[in-house]
Amino acid sequence: MFKTLIIILLSSVLVDNYVLSRFLGICPFLGVSKKLDQATGMGIAVTAVMLIASAVTWPIQYWVLNPLEMGYMQNIVFILVIAALVQMLELLLKKFSPSLHKGLGVYLPLITTNCAVLGVTIQNIIDDYTFLESMVSALGVGLGFLLAMVLFSGVRSRIDESNIPAPFRGLPVTLIAASFLSLAFMGFGGIVENIFA
Amino acid sequence: MKKGSNLDVLTRGVLKENPALVLILGTCPTLATTKTVDGAFGMGIAAMLVLICSNVFISLLRNIIPDTMRIPCYIVIIAGFVTIVKLLVQAYMPDLYTTLGVYLDLITVNCIILGRAEMFAGKNPVVKSALDGVGMGIGFTIALTMMAVIREVLGNATFAGTPIPFLQNYKISFLSQAPGGLLVYGLLIALVYIVTKGKAPLKKSFSCAGCPNAAHCHTACTEKGDEA
């Protein structure tokens, strides 16, 4: 039990990193990773939203959609629930914790249609996770996103200072740098299966 | 060719404003589904079907949908068509369904579709929106297939699953894995810049133009992001 959870957590942080090996949430990864503070804020906001979204969508799937035999409505229901949830979270933060809203809330609208959030909720259902397992997997994916954002913001600040040939300036060099970071993460392949061996 | 004519709208998406290589929209599926030619082509066609249907539908409803509620409305319409396409693929092409997996669901949040709804279909008549959908869809499919051909032929020495004999000993296997996707995509965008001599309306950084969230997002776009 505990072992399964550890495996899920480690593999979603390192091996199956959503950004670098499954390419979900590329937009915020490339868009908001220019500065370390922005990258950290975005990463934490995404982690929080993933946890809340998984906590809400899992019961909806198993207690509402499945008994009614409406599994095909999954996509529509999940995206609406996540969008409404994010908007609500922003309003609540604005009202009750203006300082937290200033730090994290500004990133929330950007997450509404983030494919990593929808992706993790749907993947939890596809993988037949229990409630606890899907929460751990959401936490792992969120932390993996945060890790990738923070590492990459360091790379980005170096890129900004270097002299790059014109055709590669901007997006191409960023993608190629991300490719090398992804290559580094590939090195984690196989580590989780063998950790308990 | 007259700007704004039907033919212009149709061809624009294929080359001049290719969604994947020039507008840089739909990055996630571009990177994730181009490991194999089959998967990339299937993804392109599936996205094209959703794009045409949602463009037509949104264009029909453009005078009814209130401006403040447009993004949620668009998302529901798109999610509906994604579900239809997903069920069709599941029924008739089970192999493709397994290959694409969760990415088929994620067409819902593909920026190309929401972006075209926001940038084009919400403001233009039905016929033009349909043509825009066809053009953008073809452009997206071509870009994806092109990337997949590079990655599969060089990385796995196969073409759409058929082995290429003389390349068997020269596989660059990392191209068909995750890092290869980012690398090939970066190189292709640089190539577009060289071919067009920098004249393409290419996004040089990941800006907010075209991002469907831009309207109600005050993070990267307004304050500190774009000028940096």
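A quick note: this is a predicted structure, and the numbers were derived from the prediction, not measured.

Student: Sorry if this is basic, but what is going on with the overall build of chain A here?
Tutor: The secondary structure content of chain A amounts to 10 helices and zero strands. Secondary structure of chain A in N-to-C order comes out as α-α-α-α-α-α-α-α-α-α. Scaling as 2.2 N^0.38, a compact globule of 197 residues should have a C-alpha radius of gyration of about 16 Å, and chain A matches this with 18 Å. Across the 197 residues in chain A, those meeting the buried criterion constitute 53%. Across chain A, every contact between residues at least 6 apart in sequence was considered, and the portion connecting residues at least 24 apart equals 78%. Surface exposure of chain A reaches about 8,600 Å², of which carbon and sulfur atoms provide 70%.

Student: What is the right way to look at the overall build of chain B in this model?
Tutor: A count of helical and extended segments in chain B gives 10 helices and two strands. What you see in chain B, going N to C, is helices and strands ordered as α-α-α-α-α-α-α-α-β-β-α-α. Out of the 228 residues belonging to chain B, those deemed buried represent 54%. Residue pairs in contact within chain B that sit at least 24 positions apart in sequence constitute 71% of those at least 6 positions apart.

Student: Would you take a moment to explain the confidence of the model for chain B for this structure?
Tutor: As a note on interpretation, predicted positions should not be read in detail where pLDDT is low. Counting all residues, the mean pLDDT for chain B is 83, and 86% of those residues have values of 70 or more. Below a pLDDT of 50 lies the segment residues 218–228 of chain B, which in the model reaches 18 contacts outside its immediate sequence neighbourhood of four places, other chains included.

Student: I would appreciate a short explanation of the packing of aromatic side chains in the present structure.
Tutor: Given two aromatic rings, their pairing is described by the distance between the two centres and the angle made by the two planes. All names here are of chain A. In total, this model carries six aromatic pairs over all chains according to the counting rule given. When the ring of Trp58 is compared with that of Tyr62, the centres are 4.5 Å apart and the planes differ by 35°; the resulting orientation is tilted. Here the residue Trp58 and the residue Tyr62 both occupy positions in helix α3 (residues 36–65), the gap between them amounting to four residues, near one helical turn. You can call Trp58 buried: its relative accessible area is 14%. Overall, the relative accessible area of 23% leaves Tyr62 in the partly exposed class. Taking 5.6 Å as the distance between ring centres and 70° as the angle between the ring planes, the aromatic pair formed by Phe185 and Phe188 counts as edge-to-face. For Phe188, a relative accessible area of 27% puts it in the partly exposed group. Linked through ring pairs, Trp58, Tyr62, Trp63 and Phe131 together constitute an aromatic cluster. We note Lys95 situated over the ring of Phe96; from NZ or CZ to the ring centre the distance is 5.6 Å.

Student: Is there a simple way to think about the packing of helix α3 (residues 37–60) of chain B against helix α4 (residues 70–92) of chain B in this case?
Tutor: Between two packed helices, both the angle of their axes relative to each other and the distance between the axes serve to describe the pair. Residues and elements named next belong to chain B. One can describe the packing of α3 onto α4 by two numbers: an axis separation of 9 Å at closest approach and a directional angle of 140°. Judged by the angle between their axes, α3 and α4 are oblique. Our pair here, α3 against α4, has a crossing hand that is right-handed. Across the interface between the two elements, Ala46, Leu49, Val50, Cys53, Ser54, Phe57 and Ile58 of α3 pack against Tyr74, Ile77, Ile78, Phe81, Val82 and Val85 of α4. Looking at side-chain class alone, the contact of α3 with α4 contains 12 nonpolar, one polar and no charged residues.

Student: Which parts of the structure should I look at to understand the interface of chain A and chain B?
Tutor: Note on interface size: it is often stated as the accessible area lost on association of the parts. Contact with chain A, which involves 46 residues of that partner, is made by 45 residues of chain B. With both chains or domains summed, chain A and chain B bury close to 4,200 Å², and 73% of this area falls on carbon and sulfur atoms. Taken together, chain A and chain B are joined by four residue pairs in polar contact (both at pLDDT 80 or more). When residues of the side of chain A that touches chain B are traced back to their parent elements, those giving at least two are α2 (26–31), α4 (74–96), α6 (108–111), α7 (115–126) and α9 (171–186) of chain A. Sorting elements by how many residues they give to the side of chain A that touches chain B places α9(A) first, with nine residues. Taken together, the residues of the side of chain A that touches chain B sort by class into 28 nonpolar, 14 polar and four charged.

Student: Help me understand the layout of surface pockets, please; the structure alone is not making it clear to me.
Tutor: One way to see where empty space is left: roll a probe the size of a water molecule over the atoms. Taken as a whole, the largest pocket holds about 430 Å³ of empty space. Taken together, 22 residues line the largest pocket, and the ones lying closest to its centre are A:Ser21, A:Arg22, B:Ala32, B:Lys35 and B:Tyr103. Mapped by element, the contributors of at least two residues to the lining of the largest pocket are α1 (2–15) and α9 of chain A together with α5 (94–100) of chain B. A per-element tally of the lining of the largest pocket places α9(A) first, with three residues.

Student: Could you clarify how one ought to interpret the environment of A:Ala177 in this entry?
Tutor: All names here are of chain A. Along the chain, the position of Ala177 falls in helix α9. Look at Ala177 and you get buried, because its relative accessible area is 12%. Residues Ala177 and Phe152 lie 25 residues apart in sequence; the distance between their C-alpha atoms is 8.5 Å.

Student: Looking at this model, I keep getting lost on the side chain of B:Thr141. Mind explaining?
Tutor: Structurally, B:Thr141 is set in helix α8 (residues 126–156). Look past the residues within four positions of B:Thr141 in its chain and what remains in contact with it is B:Phe41, B:Gly44 and B:Ile45.

Student: What's the story with α1(A) in this structure? I'm lost.
Tutor: For an α-helix, the turn length of 3.6 residues means that residues three or four places apart are oriented alike. All names here are of chain A. The first and last C-alpha atoms of α1 sit 19 Å apart over 14 residues, in line with the 20 Å expected at 1.5 Å per residue. Among all positions in α1, only Leu5, Ile8, Ser12, Val13 and Leu14 are buried. Residues of α1 that are buried in the fold lie against α8 (131–161) and α9.

Student: Looking at this model, I keep getting lost on the nonpolar core. Mind explaining?
Tutor: Nonpolar side chains in soluble globular proteins tend to be buried together. The biggest cluster of nonpolar side chains holds 112 residues, and the ones touching the most others in it are A:Phe29 and A:Met42. Every residue in contact with A:Met42, bar those within four places of it in the chain, is listed here: A:Pro28, A:Val32, A:Tyr107, A:Leu110, A:Ile111, A:Phe145 and A:Met149.

Student: I'm lost on unusual backbone geometry in this one. Help?
Tutor: Leaving glycine aside, a negative phi is the common case for residues, and trans is the common case for peptide bonds. In this structure, A:Asp128 is a non-glycine residue whose phi angle is positive, near 60°. The class for A:Asp128 is exposed, based on a relative accessible area of 60%. In this structure, B:Ala157 is a non-glycine residue whose phi angle is positive, near 55°. Looking at the element boundaries, B:Ala157 is found in the loop between α8 and β1 (158–159).

Definitions and limits used
- Every chain is numbered on its own, with residues counted from 1 as its sequence reads.
- Chains carry letters and ligands carry numbers; both start at the beginning, A for chains and 1 for ligands, and go up in the order they are written.
- Only residues with pLDDT of at least 70 get local features here, since the model is predicted, and only at 80 or more are side-chain atom pairs given and counted; chain-wide, interface and lining totals rely on the full set of residues.
- Side-chain descriptors were evaluated using all non-hydrogen atoms of the structure, hydrogens and water having been removed beforehand.
- Secondary structure elements follow DSSP: runs of H or I no shorter than four residues count as helices, runs of E no shorter than two count as strands, and numbering proceeds from the N terminus.
- This radius of gyration counts C-alpha atoms alone. The globule rule is 2.2 Å times how many residues there are, raised to the power 0.38.
- Only protein chains enter the accessibility calculation, which uses a 1.4 Å probe. A residue is then buried if its area is under 20% of the maximum for its type, exposed if over 50%, and partly exposed in between.
- In this analysis, two residues are considered to be in contact whenever any of their non-hydrogen atoms come within 4.5 Å of each other.
- Only the protein chains shown count as cover for residues, and all accessible areas are computed by the Shrake-Rupley method using a 1.4 Å probe.
- For every residue, the pLDDT score states the predictor's confidence, bounded by 0 at the bottom and 100 at the top.
- By convention, a stacked pair of Phe, Tyr or Trp rings (six-membered ring in the case of Trp) has centres within 6.5 Å and planes under 30 degrees apart, an edge-to-face pair has planes over 60 apart, and any other such pair is tilted.
- A ring is scored as having a charge over it whenever the NZ atom of a lysine or the CZ atom of an arginine sits within 6 Å of its centre and within 35 degrees of its normal.
- Convention adopted: a line fitted to C-alpha atoms gives each axis, helices being fitted over their contacting stretch, and angles between N-to-C directions are expressed from 0 to 180 degrees.
- Here the angle decides the label: under 35 degrees means roughly parallel, over 145 means roughly antiparallel, 65 to 115 means roughly perpendicular, and every other value means oblique.
- Throughout, a crossing is termed right-handed when the near helix is turned clockwise from the far one, and left-handed when it is turned anticlockwise from it by less than a right angle.
- Only Asp, Glu, Lys and Arg are considered charged in this grouping, and only Ala, Val, Leu, Ile, Met, Phe, Trp, Tyr, Cys and Pro are considered nonpolar; every other residue, Gly among them, is considered polar.
- The term buried area denotes the loss of accessible surface (1.4 Å probe radius) that occurs when two parts are joined, taken as the sum for both partners.
- Polar contact is the term for a pair of N or O atoms within 3.5 Å; when the atoms are in protein, one must be able to donate a hydrogen and the other to accept it, and sequence-neighboring residues count only if both atoms are side-chain atoms.
- Within this scheme a cavity is a closed region of a 1 Å grid, computed over the protein atoms alone, that accommodates a 1.4 Å probe without allowing it to escape, whereas a pocket is open but has protein on both sides within 12 Å along at least five of seven lines; lining residues each have an atom within 4 Å of a point.
- Grid points are joined across faces, edges and corners, and a volume is the space filled by probe spheres set on the points.
- To estimate the expected span of a helix, count its residues, drop one, and scale the result by 1.5 Å.
- As used in this record, nonpolar core signifies buried Ala, Val, Leu, Ile, Met, Phe, Trp, Tyr and Cys residues forming a set joined through side-chain atoms within 4.5 Å.

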